[in-house]
Protein chains: 2
Amino acid sequence: MSERMLTVDEASRTAGEVRGAVPQAREGGGGESQEVAALLDRTREAVEPELRKAVDSMPGTMRRIVTYHFGWEHADGRPAAGRGGKAIRPGLVLAAARALGGSPAAAVKAAAAVELAHNFTLLHDDVIDRDSTRRHRPTAWTVFGDADAILAGDALQALALRVLADDQHPAAGRAAARLAACLVELCEGQHVDTALEDRPCDQVTLDECLGVAEAKTGALLGCACALGALYAGAGVEQVEAMDAFGRQAGLAFQLIDDIIGIWGDPARTGKPVGADLLAGKKSLPVVAALTSDAAAGAELAELYPALRPADVDRAAAAIDRAGGRDWAQTQAADRMSQAVAQLSRAIPDPEAAGGLLALAEFMTRRVS
Amino acid sequence: MSERMLTVDEASRTAGEVRGAVPQAREGGGGESQEVAALLDRTREAVEPELRKAVDSMPGTMRRIVTYHFGWEHADGRPAAGRGGKAIRPGLVLAAARALGGSPAAAVKAAAAVELAHNFTLLHDDVIDRDSTRRHRPTAWTVFGDADAILAGDALQALALRVLADDQHPAAGRAAARLAACLVELCEGQHVDTALEDRPCDQVTLDECLGVAEAKTGALLGCACALGALYAGAGVEQVEAMDAFGRQAGLAFQLIDDIIGIWGDPARTGKPVGADLLAGKKSLPVVAALTSDAAAGAELAELYPALRPADVDRAAAAIDRAGGRDWAQTQAADRMSQAVAQLSRAIPDPEAAGGLLALAEFMTRRVS
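Here goes a summary of the coordinates provided. (Residues numbered from 1 in each chain as written. Chains lettered and ligands numbered in written order. Predicted model: local features only at pLDDT ≥ 70, side-chain atom pairs only at ≥ 80, totals over all residues. Heavy atoms only, no water.)

A word on the relation of the copies chain A and chain B
Part 1 of the argument: For the pair chain A and chain B, the best superposition has an RMSD of 0.0 Å and corresponds to a rotation of 180 degrees with a translation of 0.0 Å parallel to the axis. Within this description, the copies of the chain are treated as partners about a two-fold rotation axis.
Part 2 of the argument: Here 100% of the contact residues of chain A are again contact residues in chain B; the copies associate through an equivalent surface. (Least-squares fit on C-alpha atoms with pLDDT ≥ 70 in both. Contact = heavy atoms within 4.5 Å.)

What to know about unusual backbone geometry
Part 1 of the argument: Of the consecutive residues Tyr304(A) and Pro305(A), the connecting peptide bond is found in the cis state with omega at 0 degrees.
Part 2 of the argument: With respect to the helices and strands, the residue Pro305(A) is situated in the loop between helix H14 (295-303) and helix H15 (312-321).
Part 3 of the argument: Even without being glycine, Ala87(B) reaches a positive phi, approximately 70 degrees.
Part 4 of the argument: Within the fold, Ala87(B) resides in the loop between helix H3 (62-69) and helix H4 (88-99). (Helix = DSSP H or I, 4+ residues; strand = E, 2+ residues; numbered from the N terminus.)

Observations concerning the interface of chain A and chain B
It is common to report an interface's size as the accessible area lost on association of the parts.
Part 1 of the argument: The interface is formed by 34 residues belonging to chain A together with 34 residues belonging to chain B.
Part 2 of the argument: Buried surface at the junction of chain A and chain B, both sides included, amounts to about 2,800 Å², of which 73% is carbon and sulfur.
Part 3 of the argument: At the boundary of chain A and chain B, one finds 10 residue pairs in polar contact (both at pLDDT 80 or more).
Part 4 of the argument: Broken down by secondary-structure element, the contributors of at least two residues to the side of chain A that touches chain B are helix H3 (62-69), helix H5 (108-129), helix H7 (146-166) and helix H8 (172-198) of chain A.
Part 5 of the argument: No other element matches the 13 residues that H7(A) contributes to the side of chain A that touches chain B. (Buried area = accessible area lost by both parts, 1.4 Å probe. Polar contact = N/O pair within 3.5 Å; in protein donor to acceptor, adjacent residues only side chain to side chain.)

Remarks on the packing of helix H4 (residues 88-99) of chain A against H5(A)
Helices that pack against each other are described as a pair by the angle of their axes relative to one another and the distance between those axes.
Residue and element names in this part refer to chain A.
Part 1 of the argument: For the pair H4 and H5, interaxial distance at closest approach is 8 Å and the crossing angle is 155 degrees. As summarised for this structure, H4 and H5 are arranged roughly antiparallel, according to the angle between their axes. Between H4 and H5 the crossing geometry is right-handed. Residue-level inspection shows Arg 89, Pro 90, Val 93 and Leu 94 of H4 in contact with H5, the latter providing Val 108, Ala 110, Ala 111, Val 114, Glu 115 and His 118. (Axes fitted to C-alpha atoms, helices over the stretch in contact; angles between N-to-C directions. Parallel < 35°, antiparallel > 145°, perpendicular 65-115°, else oblique. Left-handed = near helix turned anticlockwise from the far one by under 90°.)

A look at the packing of H4(B) against helix H9 (residues 206-231) of chain B
Residue and element names in this part refer to chain B.
Part 1 of the argument: Where H4 contacts H9, the axes come no closer than 7 Å and their chain directions differ by 30 degrees. Relative to H9, H4 is oriented roughly parallel. Crossing of H4 against H9: the hand is right-handed. Across the interface between the two elements, Ile 88, Arg 89, Leu 92, Val 93, Ala 96 and Ala 97 from H4 touch Leu 220, Leu 221, Ala 224, Cys 225, Gly 228 and Ala 229 from H9.
Part 2 of the argument: Of the residues belonging to the contact of H4 with H9, the class tally is 10 nonpolar, 1 polar and 1 charged. (Nonpolar A, V, L, I, M, F, W, Y, C, P; charged D, E, K, R; others polar.)

A few points about the environment of Gly274(B)
All names here are of chain B.
Part 1 of the argument: Of note, Gly 274 is situated in the loop between helix H11 (266-269) and helix H12 (275-278).
Part 2 of the argument: Gly 274 sits in the buried class, given a relative accessible area of 3%.
Part 3 of the argument: Gly 274 sits 38 residues away from Val 312 along the chain, and the two C-alpha atoms are 6.0 Å apart. (Buried < 20%, exposed > 50% of the residue type's maximum accessible area, 1.4 Å probe, protein only.)

Description of the environment of Leu116(B)
Residues and elements named next belong to chain B.
Part 1 of the argument: Mapped onto the fold, Leu 116 is located in helix H5 (residues 108-129).
Part 2 of the argument: With relative accessibility at 0%, the residue Leu 116 sits in the buried group.
Part 3 of the argument: C-alpha of Leu 116 to C-alpha of Ala 155: the two residues are 39 residues apart in sequence and 9.5 Å apart in space.
Part 4 of the argument: Ignoring sequence-local partners within four residues, the contact set of Leu 116 consists of Leu 51, Ala 54, Val 55, Phe 70, Leu 156, Leu 159, Ala 160 and Val 163.

Things to note about the pattern of salt bridges
Part 1 of the argument: Counted by the stated rule, this structure contains 41 salt bridges over all chains.
Part 2 of the argument: Between Arg247(B) and Glu185(B) there is a salt bridge, and its shortest N-O distance comes to 2.9 Å. Of the two residues, Arg247(B) is situated in helix H10 (residues 236-263) and Glu185(B) in helix H8 (residues 172-198); the sequence distance between them amounts to 62 residues.
Part 3 of the argument: Judged by relative accessible area, Glu185(B) falls into the partly exposed class, the value being 23%.
Part 4 of the argument: Note that Arg247(B) is salt-bridged to Asp243(B), the shortest N-O span being 2.9 Å. Of this pair, Arg247(B) and Asp243(B) both sit in helix H10, 4 residues apart, roughly one helical turn.
Part 5 of the argument: On the accessibility criterion, Arg247(B) (16% relative accessible area) is buried.
Part 6 of the argument: Taken together, the salt bridges that share partners define one network made up of Arg178(A), Glu185(A), Glu214(A), Glu240(A), Asp243(A) and Arg247(A). (Salt bridge = Lys/Arg side-chain N within 4 Å of Asp/Glu carboxyl O.)

Examining the state of the cysteines
Simply put, disulfide is the name for a covalent bond between the sulfur atoms of two cysteines.
Residue and element names in this part refer to chain A.
Part 1 of the argument: Under the defined criterion, the tally for this structure stands at 0 disulfides over all chains.
Part 2 of the argument: No disulfide involves Cys 187; its sulfur sits 9.4 Å from the nearest other cysteine sulfur, which is in Cys 182.
Part 3 of the argument: Between Cys 209, a cysteine without a disulfide, and Cys 201, which holds the nearest cysteine sulfur, the sulfur-to-sulfur distance is 9.6 Å. (Disulfide = S-S within 2.5 Å.)

Shape is all these values report; function is a separate question.
And the structure:
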């Protein structure tokens, strides 16, 4: 393996590609590369037995809520063909372990723990945000009620930490401490997000929204990378750099997700045109536009957040003219560039870092 | 220290005292014994700094929900004189550690973790059950809304396991695994309880209700005792016996709590007369009466669960005549007797076991 560091040129070229990837994703490109598809398939194959074991250990009827949520069963208990989520987070755990010279097989419990924790947040966020669709199916709370969705989420959080507590790997203890701290951050992120949604638009800053995106999205992606590093026996600096890599890639992902939420192709996003705008979501391009000095920002402020369906195109155009879209694209590219720089700090060999970089690029090119 | 085992006679005498304690509690006796009061005061003194440290580590505004819930602050952030709960669970952790020859000081983090976990369940159960009062104050969800109460509970669960994950004590890892498994059981208990409340009265069995009481109340009390034993370096059999002691004492407590909920003095329980009955609660004496063959059980079934205020006395009398009260008192005494037997298995020296026995008796004599 080469000892060569990723150069700044290479890092900024990668960032440039991400910048280029945004319109591509919007216009229908940016599919799952074969490399990433294979990595995620391998991840699901390795991690799903551990996930099923954890879920099967749940007592009685509660298991049904979780198997429904994961897409393994229909609401009435019949088996379903769902494969759960994309397995990006467990994919990051295993890829990080491998990239740092560890054994992915030894990190499967850590990967399962991160996926259980992620699904805990999904169950609760859906209740709190009253979201009715998840992975193209009705959300658990719409099927089983709030109480059961809350309790199933609670149990998944406990299971996530139980899987780590039961793991004999020497890094399991530190991984549990890190995941538990991350979970506190995730809760805080959702809490601040809820508070921001209730606040008037002119009392929300871009820094607050970036903070929410980091806590809600970046923290667990960073934690996934850090856990993989811990399981590979990496040192403190490498672990922290891997965490920063995941966080920055997570922010880039969120920025692009917000762009797609406004200008994406409904056929690919699975959401009706303007759904985020009509919901009055304080997404990053919207807040960038609202907090700009541009005249178009003031025009948007008059329409937002009680947007009429007839004004969706006008609002999207105003966000664009106020610089919200450019700002988000530039930010995404910058964050991706920082992610790449952190990755090269942790893993100087570009070949070894390849799987992680491909995963990060997949995340930021995704179209739904 | 004496090596003498608690004799069966002593155990059944203790159980007999518990049986005797029920009417005493109901009629206004059963106060906190000086020994227990001192033990709980010492517990609070030792554990509160650890609790506050954990809560202070929470980011931002979320801390306020938790400090309110603990009674440390008013809703507007002014300091309040609340002392949190009675500290029974952390008291059991420390008393178990001491009784088994360990250092209570070394088990303070375990005690704090159990108390954080307990408060996680309180926050969520209050949301799910729509309870409006907790520790004589409005519940957190009534003050801060459902979303924040759910998220604060989520964060407390994560904090509980983080406190253990950060603890350097050699038993901390096993304690975390045990607490996480217990949390899954608590969630399942609340889930089944919610399901039972939605079911017609004639489709609820006494075994199901006892199962709920064990999962919701017994499991965490057992876990508290088991954690104290783990921290004292006890062997597997002792740890399991301590868990069983806490579970059985917890069931005795729940049975007596249910008796007090029907026949207790409102001035002492803090609840209006017949509140549990008017809420249609499927408490243990009620279900015992409904599932009996007695004519009074059929009479109750006609009134329940849509009880009119004018029928509260009639319903309480019917439960009594159908044997619901006697059954609950006998069960409580039996459970307490089993608790004492388990305690003497784990700790043959009655003097060493004294603190734990006093705590269990305090729990089953409490009046509110």
